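Coordinate inspection notes
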Amino acid sequence: MVNFQIPFEMLKSVKKVGIQLPDGLKRHAFEIAREIESRGFEVLISGETSFGACDVDTSILEEVDCLLHFAHTPILNIDRVIYVPYFIDYDPKIEIEVPERKIALISTAQYVHKLNEVAEWLRKKGYNVEVRAGSGRVRYPGQVLGCNYSVLRQSEAEAVVFIGDGLFHAIGAAIYTKKKVYAFNPINRELQEVDAEDFIRKRYFVVSKCAGKDKVGIIVSSKPGQKRIKVARRLKEEGEKKGIKAHIIYLNNVRPEELYNLSYDFYVNTACPRISYDDLERFEMPVITPQEFEFLIGKRNDIGLDEIL
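Residues numbered from 1 in each chain as written. Predicted model: local features only at pLDDT ≥ 70, side-chain atom pairs only at ≥ 80, totals over all residues. Heavy atoms only, no water.

In the structure shown here, the tally under the stated rule is 22 salt bridges. A salt bridge links Lys 202 to Asp 198, with the shortest nitrogen-to-oxygen separation between them at 3.8 Å. Taken as a pair, Lys 202 and Asp 198 lie in helix 4 (residues 197–208) at a separation of four residues, close to a single helical turn. Judged by its relative accessible area of 42%, Lys 202 falls in the partly exposed class. For Arg 300, the salt bridge identified is with Asp 302, shortest N-O distance 3.0 Å. Judged by its relative accessible area of 29%, Arg 300 falls in the partly exposed class. (Salt bridge = Lys/Arg side-chain N within 4 Å of Asp/Glu carboxyl O. Helix = DSSP H or I, 4+ residues; strand = E, 2+ residues; numbered from the N terminus. Buried < 20%, exposed > 50% of the residue type's maximum accessible area, 1.4 Å probe, protein only.)

Given below as structure tokens:
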């Protein structure tokens, strides 16, 4: 079983407990529920999505006294929601050889807890290391989200080293900083230099498919940490000034099947940026970010990177 530190001391005055897990950890729902039940609580498991700390199943709060939201660090202050982090253990004594001596360290919620230990180790190896605090929804120094790279704002580093698995956040850091980025996987201990050019070319290609089209659906998610209705209204107004017919589409999960029967030429996604980036091939029509839409209508000089601060 995954070693979650369930905060039972915070559950003393409740009887009914909801639990919400991301898809990759839902296989542990049975064991977690049984452990909580063994303490005398009634348990209700959320079957809804949990793509991040922004994706909280508030509807289950109608049936339970509190919700334990697993595997993410807090970004929202929702009454009766308790975030239960999931930290992956690893050896902070990482072996890297990069030519830049002044580096910024970043990581995701699962690995960020040892970032200061990594920094101290690398300093002993002769590197000048930054681990900066972020703003908004960032909880820990050096932590990045798919929608927030504020820890790299005004960084003086020559290069960035991402500690974690996958390349999405490392690519985002490369676009955000326009600096060289390395990704170190602390599980297999492999280091690689990140190339964001292919990702950027794909995004410009997606935007190019929207050129000359005049019917746009602007997507707003009802998820509490993703809802950017003010952004959507602003984009609608800006688009209409350029002769684009725009409507706001309000839904919870942004999935291709929810858009199949609509007749728009393309969509602007104001929900989680990863929907535009990761799910590109799943959608029949182009789905672009607010920044890409602004580039399309001539309000920006480049496509930038979508952030929710």
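Here Glu 294 is to be found in helix 8 (residues 290–296). Of the residues examined, Glu 294 reaches a relative accessible area of 13% and is grouped as buried. Ignoring anything within four residues of it in the chain, the contact list for Glu 294 reads Arg 234, Leu 235, Glu 238, Lys 299 and Arg 300. (Contact = heavy atoms within 4.5 Å.)

Attention now moves to the packing of aromatic side chains. Taken as a whole and assessed by the stated rule, the structure comprises 11 aromatic pairs. Here the aromatic cluster, defined as three or more aromatic residues joined through ring pairs, consists of Phe 4, Phe 70 and Tyr 86. The positively charged end of Arg 101 is found above the aromatic ring belonging to Tyr 127, 3.9 Å away from the centroid. Taking NZ or CZ as reference, Arg 274 lies 3.9 Å from the ring centre of Phe 168, over its face. (Phe/Tyr/Trp six-rings, centres within 6.5 Å; stacked < 30°, edge-to-face > 60°. Lys NZ or Arg CZ within 6 Å of the ring centre and 35° of its normal.)

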